[in-house]
Amino acid sequence: FGSRNKSSPMRSGTMKLLLNLIFAGVTTAASIHSTTGANEPINTDIHRMLQGCKDDFQCPQNSRRKPGRSCYDSFQDCDCDPGYRRTSRACVAEEGLCNLNYLNMVENEQEDVEFWIGQAENARDPEEKYRYLEKANDV
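All figures in this text were calculated on a predicted structure; none of them were measured in a lab. (Residues numbered from 1 in each chain as written. Predicted model: local features only at pLDDT ≥ 70, side-chain atom pairs only at ≥ 80, totals over all residues. Heavy atoms only, no water.)

Undergrad: Would you mind going over the environment of Ile117 in detail, with residue names and values included?
TA: Relative to the helices and strands, Ile117 resides in helix 3 (residues 100–122). Judged by relative accessible area, Ile117 falls into the partly exposed class, the value being 34%. In this structure the C-alpha to C-alpha distance between Ile117 and Glu134, which are 17 residues apart in sequence, comes to 9.4 Å. (Helix = DSSP H or I, 4+ residues; strand = E, 2+ residues; numbered from the N terminus. Buried < 20%, exposed > 50% of the residue type's maximum accessible area, 1.4 Å probe, protein only.)

See below:
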């Protein structure tokens, strides 16, 4: 390999090319960042430039792909569903809002209460009515 001269044409040409690529990526990413107002790190765009887009990322539960993107390869390409907020790698239910699981649970409990009240209304024996009403109350 011989001695390495810091001012050799090969080395300085390669460095200039790398610096130009990095600078182009940073300025392109910065302009995209500033025009879209996105809160995405610039290094993601540089990574996409150098590695290419795999377009294989599946958004996590309670999120969907952001519209208008040509490359979906990270969580940054996903939007959280209404009622959910973004954390580092997931969309979690916002405080104070009902999520679908909670609403389903309440609906099922309401059906159980209605069932036991219906049983109590049809019961002939007062003790039997009382037992059914207790079961409705326990739900």
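Having seen it, we continue.
Undergrad: Would you mind going over unusual backbone geometry in detail, with residue names and values included?
TA: Of note, the phi angle at Asp55 is positive, near 50°, even though the residue is not glycine. Position of Asp55 among the secondary structure elements: in the loop between helix 2 (42–51) and strand 1 (63–65). Using a relative accessible area of 37% as the deciding quantity, one classes Asp55 as partly exposed. At Asn62, a position not held by glycine, the phi torsion is positive, near 70°. Here Asn62 is to be found in the loop between helix 2 and strand 1. On the basis of relative accessibility, which here comes to 22%, the residue Asn62 falls in the partly exposed class.

Undergrad: I'd like to hear about a nonpolar patch on the surface, residue by residue, with values.
TA: Taken together, the side chains of Leu100, Tyr102, Leu103, Met105 and Val106 present a nonpolar region at the surface, about 470 Å² in accessible area. Along the polypeptide, Val106 turns up in helix 3. By relative accessible area, which is 35% here, Val106 ends up partly exposed. (Patch = residues over 30% accessible without salt bridge, like charges linked within 9 Å, V, L, I, M, F, W, Y side chains within 5 Å. Areas by Shrake-Rupley, 256 points an atom, 1.4 Å probe, with all protein chains shown as cover. Salt bridge = Lys/Arg side-chain N within 4 Å of Asp/Glu carboxyl O.)

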